[in-house]
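Coordinate analysis (summary)
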Amino acid sequence: MGYAHEYADAVLHRGRIPMEPADFVPDWPDGPRRGKFYPGVEPYALPDGDGLPDAPAARGLLPARDGGGTGDDPAGFTLPLLSAMLKDSYGLTGRRLGIQANSDLPGLPLHTHANWSRGTAGGGGLYPVSVYWASGPSGPLTPGIHYYDVHRHAVQRVLTGDVSARVREVLGPGAPAEARETDQYLILGVKYWQNAFKYNSFSYHVVSTDLGTLVQTWRIWAGARGLRTTPVLWFDEPRLNGLLGTTGEEEGVFAVVPLRWDTPAPPRTAVPARPGPAASRTAATAGPDPAVRHRDAERSRTVLEFPTVLAMHAATTEGATDRPAPGALAAAAALPAPAGGTRTALPDPVLPAVPVRRALRARRSSFGRFDAARPVTPAQLSAVLAACAGTSLPSDADPDGAVRQTRMYAFVNHVESVEPGAYVYDPEAGELLLVEAGPQGAFLQDTYFLANYNLEQAGAVLVPTVRTTAVLDAVGDRGYRLAVGTAGAVAQTFYVAAAALGLGAGVALGFDNISFVEKLGLGDGDEAPLLIMPLGNERPRPADFRHEIA
């Protein structure tokens, strides 16, 4: 049993036993940037991508996400497609200034505190994931490593030269076929301080959620177009850190996403291996690794380190190359719904043909705008539950995402023809199985830490559980990123499905997890409730800011 087990237990109990340092207070004026800044590195603007034909979000949300393509699907990524995916997922697509109940509302009218919206949800709205594009000769740009600058929707080439062979070697010989057959990779790094300045020791959990939200956005976006984006989570992380010129204790590399390009990678040319230690490497990568020499300029004058975050980084990096066998995750699959019991049938899940870009641009947190006067319909609840229950985070341990990793619970407040109560969702039968009858609003509000939601006004509050300790037992400490990233993927699916249906939505990590374990009768198992996700109609005609005409 590794350190990740201890951390998972501390996260689960943090509502009752605060994580150290318990007296920590964020220094807001000295906070970091929401993105990296490379002084003196020229940006290259990317195509806007708004003119590309869109695709229905439902095709990327409901099974089968990675199949069922049409003759109109592209053979692979192109520069306009990749640029559009980056912008729709992590790029700044609008300004949010609607009146709501979040605590940061007084500062939002000030431009320095502006809340710029993105298609992907971010823990605390901090967005700590750095996106690097390692591009080889088959790509449209000069080969090298390019950092995606979200604020300018541009790339900055921080290293010139083809390093795709080194990335393949870092991924290892057991990497999926798509990783070995391309020379285009998206590398996802997480700069810990960008989140830890607010969440301290809890930040490792939050950034692991962020990994899942971004990867799932790409899966939805690409899946709607018949393309595949499957992350690789096991690889030689220290060596990849060296290639990016980053320090592992400051920035972890959480995933590599191979891209099938529309132009095949050119044949690899073998070169003689140099004598000495480097001779054990492939001929194409003999000699010392190149490294990015440009350095991110930190805004914060004081950067703190948290022993818990450092320990989790060390624990998840130690076995970084111990790739689990495909199928290893089966032992941690979500448990099926119990047989029998009082059941409520839901309609077959159907999502409207809303374009994926429109759904991503409409995605937002409702923050106190729910209106119980307009209940959610059973068809809407069915569609969101089915999309969430069918969400997985494919990885080396489950390349096709075939293992159901999440079990969904629903606390029903105001859903037409469904009695209030706590339910477990049976995705195979499309039914709700009653766990506890009666109104749940008081329980939901009493176990929520913040004041920005009136959870009783939501039509339903969905709760995904993941068998976190079973995942760690099956694939080791590095599986923490997979387990919690799965919850993040579910959160992103939830947001996009709600937006496609025209419903309000929210996702929160600040609640008493143990109270939900007790309420749902999970104390004898290993299911961990990781999020609460309120869903419902919002009050009509809210005051908002029309950034697009300002």
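Report on the accompanying structure. (Residues numbered from 1 in each chain as written. Predicted model: local features only at pLDDT ≥ 70, side-chain atom pairs only at ≥ 80, totals over all residues. Heavy atoms only, no water.)

Moving on, we get to the pattern of salt bridges. The final tally for this structure, using the stated rule, is 28 salt bridges. Across the pair Arg152 and Asp149 runs a salt bridge whose closest N-O atoms are separated by 2.7 Å. Note that Arg369 and Glu538 form a salt bridge whose closest N and O atoms lie 3.8 Å from each other. In this pair, Arg369 sits in the loop between helix H10 (356–362) and helix H11 (378–389) while Glu538 sits in the segment after strand S16 (533–536), placing the two residues 169 residues apart along the sequence. For the pair Arg369 and Glu538, one class covers both residues: buried. The structure contains a network of salt bridges with shared partners spanning Asp54, Asp88, Arg225, Arg357 and Arg361. (Salt bridge = Lys/Arg side-chain N within 4 Å of Asp/Glu carboxyl O. Helix = DSSP H or I, 4+ residues; strand = E, 2+ residues; numbered from the N terminus. Buried < 20%, exposed > 50% of the residue type's maximum accessible area, 1.4 Å probe, protein only.)

Okay, empty space enclosed by the protein next. As enumerated under the stated definition, the model contains 3 cavities of 30 Å³ or more in all. Roughly 70 Å³ of volume is contained in the largest cavity. Lining the largest cavity are 13 residues, with Gly35, Tyr127, Val129, Tyr147 and Val150 sitting closest to its centre. The set of elements that each furnish at least two residues to the lining of the largest cavity consists of strand S4 (129–135) and strand S5 (144–149). Looking at the lining of the largest cavity residue by residue, the classes come out as 7 nonpolar, 3 polar and 3 charged. Estimated volume of the second largest cavity: approximately 40 Å³. For the second largest cavity, the full set of lining residues is Leu329, Ala332, Gln405, Val466, Arg467, Val471, Leu482, Ala483 and Thr486. Broken down by element, the lining of the second largest cavity gets its largest block of residues, 3 residues, from helix H14 (residues 479–501). (1 Å grid on protein atoms, 1.4 Å probe; cavity = no way out; pocket = protein on both sides within 12 Å on 5 of 7 lines; lining within 4 Å. Points joined across faces, edges and corners; volume = space filled by probe spheres on them. Nonpolar A, V, L, I, M, F, W, Y, C, P; charged D, E, K, R; others polar.)

The relative placement of two aromatic rings is captured by the distance of their centres and the angle of their planes. Applying the stated criterion across every chain, the model contains 22 aromatic pairs. On the basis of an interplanar angle of 85° and a centroid distance of 6.3 Å, the ring pair of Tyr7 and Tyr204 is categorised as edge-to-face. Of the two residues, Tyr7 is situated in helix H1 (residues 3–12) and Tyr204 in helix H7 (residues 203–223); the sequence distance between them amounts to 197 residues. With respect to burial, Tyr7 and Tyr204 carry one shared label: buried. Put simply, the rings of Tyr7, Tyr192, Tyr204, Phe254 and Tyr480 pair up and form one aromatic cluster. (Phe/Tyr/Trp six-rings, centres within 6.5 Å; stacked < 30°, edge-to-face > 60°.)

By the element assignment, Lys36 lies in the loop between H1 and strand S1 (43–45). Using a relative accessible area of 9% as the deciding quantity, one classes Lys36 as buried. For Lys36, the side chain forms a polar contact with the side chain of Tyr38, separated by 3.2 Å. One polar contact links Lys36 to Glu251, side chain to side chain, over a distance of 2.8 Å. (Polar contact = N/O pair within 3.5 Å; in protein donor to acceptor, adjacent residues only side chain to side chain.)

Bridge count between strand S9 (residues 343–345) and strand S12 (residues 431–437): 3 bridges; the pairing is antiparallel. Residue pairing across strands places Thr344 opposite Leu432, the latter belonging to S12. Looking at chain direction, strand S11 (residues 421–426) and S12 are connected through 6 bridges and run antiparallel. Across the sheet, residue Val424 finds its bridge partner in S12, namely Leu433. A loop of 4 residues connects S11 with S12, the two strands running antiparallel in sequence, and Gly430 in this loop sits at a positive phi of about 65°. (Pairing = 2+ DSSP bridges.)

Moving on, we get to H14. End to end, H14 covers 33 Å across 23 residues, agreeing with the expected 33 Å (1.5 Å per residue, within 8%). In terms of residue burial, H14 counts as a mostly covered element, since 23 of its 23 residues are buried. Phi turns positive one or two residues past the end of H14, at Gly502, with a value near 75°. (Expected span 1.5 Å × (residues − 1).)

Moving on, we come to the pairing of S5. For S5, a buried count of 6 out of 6 residues is recorded, marking the element as mostly surrounded by other parts of the structure. Bridging between S4 and S5 involves 4 bridges; their strand directions are antiparallel. Following the sheet pairing, Trp133 is matched in S5 by His146. As paired strands, S5 and strand S6 (residues 154–160) are joined by 6 bridges and run antiparallel to one another. Residue Asp149 lies in a different strand from S6, and its bridge partner there is Ala154. From the end of S5 to the start of S6, which pair antiparallel, there are 4 residues, and His153 there has a positive phi angle of about 45°.

This part takes up the environment of Asp210. Within the element layout of this structure, Asp210 appears in helix H7. Relative accessible area serves as the criterion here: at 1%, Asp210 is assigned to the buried category. Once residues within four sequence positions are removed from consideration, Asp210 is found in contact with Ala121, Gly122, Gly123, Pro128, Val129 and Asn195. A polar contact is formed between the side chain of Asp210 and the backbone nitrogen of Gly123, at a distance of 2.8 Å. (Contact = heavy atoms within 4.5 Å.)

Turning to its location among the elements, Gln184 is positioned in strand S7 (residues 184–191). Taking the relative accessible area as the measure of exposure, Gln184 reaches 0% and is therefore buried. In this structure, the C-alpha to C-alpha distance between Gln184 and Arg157, residues 27 residues apart in sequence, is 14 Å. Reaching out from Gln184, the side chain makes a polar contact with the backbone oxygen of Gly136 at a distance of 3.3 Å.

What follows concerns the environment of Thr230. As for its placement among the helices and strands, Thr230 is situated in the loop between H7 and helix H8 (237–244). Engagement of the side chain of Thr230 in a polar contact is seen with the side chain of Arg228, the distance being 3.2 Å.

Interpretation note: all reported values are geometric properties and have no functional meaning in isolation.
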